[in-house]
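Summary of structural features
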Amino acid sequence: MMTLYSGTTCPYSHRCRIVLFEKGMDFQVIDVDMANKPEDLAVINPHNTVPVLVERDLVLEQANIINEYIDERFPHPQLMPADPVMRARARLFLHNFEEQLFNHVADIETGSAKAADKARATIRDNLTQIVPLFSRQEYILGDEFSMLDVAIAPLLWRLGHYGIELPKQAAPLLKYAERIFSRPAYIEAMTPSEKAMRK
């Protein structure tokens, strides 16, 4: 059975939990308090970070790597596109999400007030740029829910928690976010701490 070491408020761990619940398979989630990590985490993963997926003698870290492995190992429902061109595009999107959005989260969570404000503005502006996608289609890659929707959802859930306010023209993006938040697997994947981020 797969075991996921998952931070209770970690947006990257949140992604992995969403994929596991979307697949509807047998797995175990071990909740990790980021302020008080269990000793065995550092033994399993020398970087002492989450998420970490353990399956027999396989140990994986990094949310996108973990999620692609789960998607290939349990192909239904498929979350990465089957077509090589679309799959390459999806990987580029995932890379850009890290660079343009998620890399700035640490500044909001642990940076100075000035760094946090700059990070909020960067995330707001980069999210606003993808708004036109959602006036044309249901999800990022079209009409099918995919790994890209999984990847961005934890950030959209945390916008208020992080103090990020989107402009009025972002309404289609917020409607899209509500579609994802209403998915049964999304609801099941959340920890109590994550549910408390939005009132």
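Computed from a predicted model, the values in this text were never measured in an experiment.

Quick notes on the UniProt feature "domain: GST C-terminal" (unreviewed entry) in the protein chain
- The positions UniProt marks with the feature "domain: GST C-terminal" (unreviewed entry) are residues 83-199.
- Along residues 83-199 the backbone is 62% helical and 0% strand, and the end-to-end C-alpha distance reaches 40 Å.

With respect to helix 1 (residues 11-23)
- Counted at 1.5 Å a residue, the expected span for helix 1 with its 13 residues is 18 Å, and the 19 Å between its end C-alpha atoms agrees.
- For helix 1, a buried count of 11 out of 13 residues is recorded, marking the element as mostly surrounded by other parts of the structure.
- Of the positions making up helix 1, those classed as buried are Pro11, Ser13, His14, Arg15, Cys16, Arg17, Ile18, Val19, Leu20, Glu22 and Lys23.
- Trailing helix 1 by a residue or two, Gly24 shows a phi angle of about 60 degrees, which is positive.

Some points on the packing of aromatic side chains
- A full pass over the atoms with the stated rule returns 9 aromatic pairs.
- Note on Tyr139 and Tyr176: the rings are 6.5 Å apart at their centroids and 75 degrees apart in plane angle, and the pair reads as edge-to-face. In this pair, Tyr139 sits in the loop between helix 6 (113-129) and helix 7 (147-157) while Tyr176 sits in helix 8 (residues 171-181), placing the two residues 37 residues apart along the sequence.
- Judged by relative accessible area, which is 11%, Tyr139 ranks as buried.
- Three or more aromatic residues link up through ring pairs in this structure, and these residues are Phe134, Tyr139, Phe145 and Tyr176.
- Directly above the aromatic system of Phe102 lies the positively charged group of Arg15, at a separation of 4.3 Å from the ring centroid.
- For the cation-ring pair, Arg198 lies above Trp157, with the distance from its terminal atom to the ring centre recorded as 4.7 Å.

Thresholds applied
- Residues numbered from 1 in each chain as written.
- Predicted model: local features only at pLDDT ≥ 70, side-chain atom pairs only at ≥ 80, totals over all residues.
- Heavy atoms only, no water.
- UniProt positions renumbered as here; feature names shortened; annotations may be inferred.
- Helix = DSSP H or I, 4+ residues; strand = E, 2+ residues; numbered from the N terminus.
- Expected span 1.5 Å × (residues − 1).
- Buried < 20%, exposed > 50% of the residue type's maximum accessible area, 1.4 Å probe, protein only.
- Phe/Tyr/Trp six-rings, centres within 6.5 Å; stacked < 30°, edge-to-face > 60°.
- Lys NZ or Arg CZ within 6 Å of the ring centre and 35° of its normal.

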